[in-house]
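# Structural features, examined
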Amino acid sequence: MRTRGGWRGRGRRLDREFEAEMAHHLEREREKLERAGVPAAEAARRARAIFGGRDDAAEGIREARGGAGLATVGQDLRFALRLWRRAPAQSAAIVLTLALGLGANAAIFNLINAALLRPLPVPHAEQLAQLLVAQPGQAQPGDTFASPVLRQLREQTRVFQGVMGFRDAPKIDVEFQGHGELSAGQFVTGDYFPTLELRPELGRLFSMADETAAGANPVAVLSDQYWRSRFAGNAGIVGAQLVINNAPFRVAGVAPPGFFGVQPGTHIDVFVPVTMVGAVSPSLAALHTPFDILTSPVRPWLDVLARLQPALTPARAAAQLQPAFHVAMESAANGLAGLPFDSPAARNALLESRLIAVDGGTGLAALRQRFSRPLWILLGIVALLLLLACTNIASVLLAQGAARERELATRRALGASRSRLVRQFFTESVCLGLAGGVLAWLVAERGTPLLVRLASPSTAPVSLDLHFDPRVWAFLISAAALSVLLFGLAPARAAARQTGRVQTSSGLRLGNRLAAVQVALSLVLVVGAGLLAGSLRDLTHVDPGFNPNQVLLLSLDPGSVGIQRGNPALVPLDQRLLARLRALPGVRAATLSVHDPLDRRGATSAVVVPGVPPQAGAGFRVVGVEAAGPEYFSTLQAPLLAGRDFAASDAAGAPKVVIINRALRDQYFGSEDAVGRQLRMAGYRGDASPLTVIGVVANIKTHDLREAPEPMAYVAFLQYPESGVTVELRTALAPEALADAAVRAIGEIAPRLPVYNLRSLEQQVDDSLVQERLLARLAVAFSVLALLLASVGLYGVLGHAVSRRTREIGVRMALGARRAAVAGMILRDGLITAGIGIGLGLAAALLAARSLGSQLHGLSASDPLTYAAAVGLVLAVTCAASLIPALRALHVDPIQALRCD
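Residues numbered from 1 in each chain as written. Predicted model: local features only at pLDDT ≥ 70, side-chain atom pairs only at ≥ 80, totals over all residues. Heavy atoms only, no water.

## Here's the deal with the overall build of the protein
- Across its full length, the protein carries 27 helices and 21 strands.
- For the protein, buried positions account for 51% of its 901 residues.
- Contacts in the protein between residues far apart in sequence, at least 24 positions, make up 81% of those at least 6 positions apart.
- Per element, the accessible surface of the protein, about 39400 Å² overall, is 59% carbon and sulfur. (Helix = DSSP H or I, 4+ residues; strand = E, 2+ residues; numbered from the N terminus. Buried < 20%, exposed > 50% of the residue type's maximum accessible area, 1.4 Å probe, protein only. Contact = heavy atoms within 4.5 Å. Areas by Shrake-Rupley, 256 points an atom, 1.4 Å probe, with all protein chains shown as cover.)

Okay, here's the thing in C-alpha cells:
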C-alpha cells in the first residue's frame, strides 16, 4: 500500500519524464521543418500545432494514470468549495431546494415502506399468506373464517406448515394491582406464535395446549412495548395476575421485541387464547348456543394467516386447497339447518365461495387496500416536484456556467481538456447532491412522523415503525444520484462545448427549454392539486343525512367491567346514564347507538318482507343494521320522512319495532306506505321474530361520505342491547366544553366504567376524510412550491438573457427603438416560453390525471374549469416572473451598453 506522499512523488517523476519526452519530440519535429526550409520561429509554431497543447496532452496522460488522477479530485473539490464561498446564498438556495425535493420523496417512500412494503418482524415472512373468501356478488373478498373452517384448513399439511387465526379486541380493560386502563387486545389461536416462528422475550408463548376447551386456559401474553411502558420492564410480571374485562388471567410471557402483531398501523398490547373469548367478551362468544363462536360453522370471525410450505406460491396454494375448502363450505351450509336465517340463497352463497390466498409477508391486506393508492399518488406528486427542482437547479447552474465563460475559456486556452472541465462541473454537482442528500435525510426523519399524524384519524392514530431501513436508504441514495445526473448534465454539456473563446449565446436556448419544462411540470402539479382540492370541497359539502354541528360523541363499554349483553343490569345502567347526561347544563338531547355515525364497522342481515318475493336474480341480499336508542334521529337531526322516532317505550317486552331508511323502503316497498308493515331479519342476533316498521328516515351516510345510499334498518337499542355503545349528546355549547362534565357525570353513575374516544361529530366527519384531506393539502402545498420554482427558473433565464443581450439592447435603443418595445421583446420571450410549457403541461396533465380517477368525487379527471383555472394561475405567475427582467431592460443605458465588450 502506497502512502499519500508516495503517490505524489511517483506522479511528479512521471510528469518530469513526460516533459522530457515531449520536448524531445518537439525538437525533432522543429529540426525536420527547418531542414525543409521553414523559418525557425514558424517551424516551432508548427511543431507545437502538430503535437497539440503541452498542457492538454499532459492532462490526458495524468487521466490515463491510475492513482495519480486522484490528486485532481482534491483540486476539483477545493475549487467547488471556493465557488460555494463566493456565492453562499445561491449555493444555500440550491441545497435547500434539493433537500426539500429529496426529503419529500424519502418521507413518502419511508411511509410506503413502513405501511406497505416492510416484511413483518418474523422469520421467513415471505412464506406467509393471508387467506380470503370470495363470494358471488361481493365487491371485496371477505377476510374472516369460522372456527370449524379454520380447524379443517389446519389439516392441509401438504400446503401449510402452520395456520393461525386471530381477532382484535380493540378496547379491553386491563387491571393490575387495582389500577385499570384500556388496552388493545387480540384473541389468537394456539398456533399463532408457532406459525410465526417467534420466541418469547420472557416466560413462554402460546401453543396448541392453550387451545383446548372454552375457558380452560386464562393466560395472557404481553407485547414487549406494553410490558416496558406499563410494567417498566419488570421481569417479575411472568406469573402475575391481571384482570381483563373483569376476568382473572395469568401472565404467561412477553413477546419478542419489535413484534407489534400482524397488522401494520396498529400495536397489540395483550394476546389471549381464542378459547377465552367467553370470559373477555361473552356477548360476542354466545357460548353454548346455536351461535357459539367456537363451534358454529356459520359465524366467521377469525382473520387467518398461514405459513406455506417452501417454494409454494399463494396462488398455487389456493388452487390446491379448493377441494378441501369446498368440503368445509358444504359443512357450513349444512350447519345452517335449523337456524332462523337458513335459506337456499344463504346456502348457495356458501357453496359458491372460493378460497383466495394473497401475500401475507407484509401483514394483513386491509391497510394496503386503504392506504396503497393515496400513498403511491403522493409519491408520484413528489417525484414530479423533485424533477422540477432538478430542472430549476440545472437552470441556475447553466446560468452560473455562462457567467463563468471567461474563466472556462481561459482554462481551455491554457490547455485544460474538455473532460477536465466536465469533471469539474460534475464534482460541483456531486457536492451539491451530497449536501442536499444529508439535509434531505433530516427532512425525511422529521417529516415522516408528521405525515403519519396527518394520515391518522384523531381517535385511531396509525402506529408504524418508521426507522430508515436499507430499502429506504437505497431509495434516498438512488434518488440523490439520479438528481445529480439530471441537474448536472446541462452545465457539464455546456462545459464540454467550450472552445476556448467567450460565447455570448452559450446556454440561452437550453435555458429556455429548461424553463419551459419547469412551467410544464408546475402545471401538471397545479392541475392535480386543483382536482384533489375540488374533490375534497365537494365531499365536505356532501349531506351526510344528519346535522354534525354541536354533537359530542363518547364511547362506553360496560362489558369491560363485567356487564355484558344479556346481563339484566345492562339496560338499567344505560338508562341511568342517559338520564344523568340529559340533566347536564347545555345538553339539549342525548341518545346512544352501537356504532358511531360514519363508522366503518356495522352489522348486516338478510331481510324478508312477507308478501314481497325476492327479485329475480337478486340472490342473497343483505342490508345494514344499527341498534339506536330513544330519540336517536331527533338528536342527530336526521329528517324522518314518515312515522316516528324510537321512544323509551320501545323496550324489552314491547312489540319489536324497526325504522328503515329511504333506500330500503324503495327496494322492498316501492311507492307504498311502509309504516305499519312487517319484516324479519333473522340474520341479526338470530332473531326471526317480526318487526313492525314505525318510521322511514332519509338516507344517512353510515360508513363513508362517498358511498351510494345503501338499505339500512334501525332496531330499538332497548330491545337489542349491546355492551359497547356510543353516546351522542346534542349541546347548546361547544362539544369540547361539555366533555369533562360528561365524564364526571358518568363516573358518578359507574365509577369503574372507562370512557374513551371523546370527540365531536364534526371531528368524526372530518376523520372520515383524512386520506382525501392529506392528498389535497400536500398536493396544494407542493403545487405552490412548484409554481415558486418555475417562476424563479423563468425569472433566472430571462434575467440572464437580459444581461447577455445588454449590447444588443443598447444597439436597438441607439438606433431609435422605444424602451417599451424592448421591454415587450423580453416579455414576449417569457410568454413564448411559458406558452410552450403550458402546452406540454396540458398534455401531460391529461395523462397523469387518469391515475387520480378513484380519488375524485363530484368531478372528472378532465374537468374543464380546473384546467382553465390552473392555466390562468400558471400564466399569471409566469407573467409576473417575466415582468421584472422586462423592467430591467427598460433601464439599460445605451451608452454604457455599447461600451460592453
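## Topic: the packing of aromatic side chains
- Throughout the structure, instances matching the rule amount to 20 aromatic pairs.
- Relative to Trp473, the ring of Trp441 lies with its centre 6.0 Å away and its plane at 35 degrees, an arrangement referred to as tilted. One end of the pair, Trp441, is in helix α15 (residues 418-455); the other, Trp473, is in helix α16 (residues 470-496), and 32 residues separate them in sequence.
- What makes Trp473 partly exposed here is its relative accessible area of 34%.
- Here the aromatic residues Phe166, Tyr192, Phe193, Phe206, Phe259 and Phe271 are joined through ring pairs into a cluster of three or more. (Phe/Tyr/Trp six-rings, centres within 6.5 Å; stacked < 30°, edge-to-face > 60°.)

## Quick word on the nonpolar core
- Counting 101 residues, the largest nonpolar core has Phe487, Phe633 and Phe646 as the members making the most contacts within it.
- Setting aside its immediate chain neighbours within four residues, Phe646 contacts Ala628, Gly629, Pro630, Glu631, Phe633, Val657, Ile659, Ile694, Tyr714, Val715 and Ala716.
- Judged by nonpolar contacts, the second largest core, of 61 residues, contains Leu150, Ile244, Val270 and Val277. (Core = buried A, V, L, I, M, F, W, Y, C linked by side-chain atoms within 4.5 Å.)

## Notes on unusual backbone geometry
- You will see that Asn246, though not glycine, has its phi angle at about 75 degrees, which is positive.
- Relative to the helices and strands, Asn246 resides in the loop between β6 (241-244) and β7 (247-254).

## Description of the pairing of strand β1 (residues 128-134)
- With seven of seven residues buried, β1 lies mostly within the body of the structure.
- Residues Leu128, Gln130, Leu132 and Ala134 line one face of β1 and the alternating positions Ala129, Leu131 and Val133 line the opposite face, and both faces are buried.
- Pairing of β1 with strand β9 (residues 303-308) involves three bridges; the strand directions are antiparallel. Its bridge partner lying in β9, Gln130 is registered against Leu305.
- Examined bridge by bridge, β1 and strand β10 (residues 354-359) share six bridges and lie antiparallel to one another. (Pairing = 2+ DSSP bridges.)

## Observations concerning the pairing of strand β11 (residues 551-556)
- Counted residue by residue, β11 has six buried out of six residues, so it is predominantly covered.
- Burial along β11 is two-sided: Val551, Leu553 and Ser555 facing one way and Leu552, Leu554 and Leu556 facing the other are all buried.
- In this structure, β11 lies alongside strand β21 (residues 755-760), joined through four bridges in antiparallel fashion. When the bridges of β21 are listed, Leu556 appears paired with Val755.

## Observations regarding the environment of Gln186
- Relative to the elements of secondary structure, Gln186 occurs in strand β3 (residues 179-188).
- Under the relative-accessibility criterion, Gln186 is labelled buried at 1%.
- When the C-alpha atoms of Gln186 and Ala169 are compared, they prove to be 5.1 Å apart, with 17 residues separating the residues in sequence.
- Excluding residues that lie within four positions of it along the chain, Gln186 makes contacts with Phe166, Arg167, Asp168, Ala169, Tyr192, Gln263, Ile268, Val270, Phe271 and Val272.

## Quick look at the packing of helix α11 (residues 314-334) against helix α12 (residues 344-351)
- Interhelical geometry of α11 versus α12 gives an angle of 165 degrees and a closest axis separation of 8 Å. As the angle between them shows, α11 and α12 are arranged roughly antiparallel. In this structure, α11 meets α12 at a crossing whose hand is right-handed. When α11 is examined against α12, the residues His326, Met329, Glu330, Ala332, Ala333 and Asn334 are found in contact with a partner set consisting of Arg347, Leu350 and Leu351. (Axes fitted to C-alpha atoms, helices over the stretch in contact; angles between N-to-C directions. Parallel < 35°, antiparallel > 145°, perpendicular 65-115°, else oblique. Left-handed = near helix turned anticlockwise from the far one by under 90°.)

## So, helix α8 (residues 224-231)
- Along α8, the residues that are buried comprise Asp224, Tyr226, Trp227, Arg230 and Phe231. Each buried residue of α8 lies within a common arc of 165 degrees when the element is viewed along its axis, so the set occupies one face.
- A positive backbone phi angle near 55 degrees is found at Ala232, which sits one or two residues after α8. (Arc of directions from axis to C-beta.)

## Things to note about the environment of Leu831
- Mapped onto the elements, Leu831 comes out in helix α25 (residues 819-848).
- Each C-alpha atom of the pair Leu831 and Ser882 lies 7.6 Å from the other, and the pair is 51 residues apart in sequence.

## Section: α12
- Ala346, Ala349 and Leu350 are the residues of α12 that are buried. All buried residues of α12 lie within an arc of 95 degrees about the axis, which places them on one face of the element.
- Among the structural elements, α11 are those in contact with the buried residues of α12.

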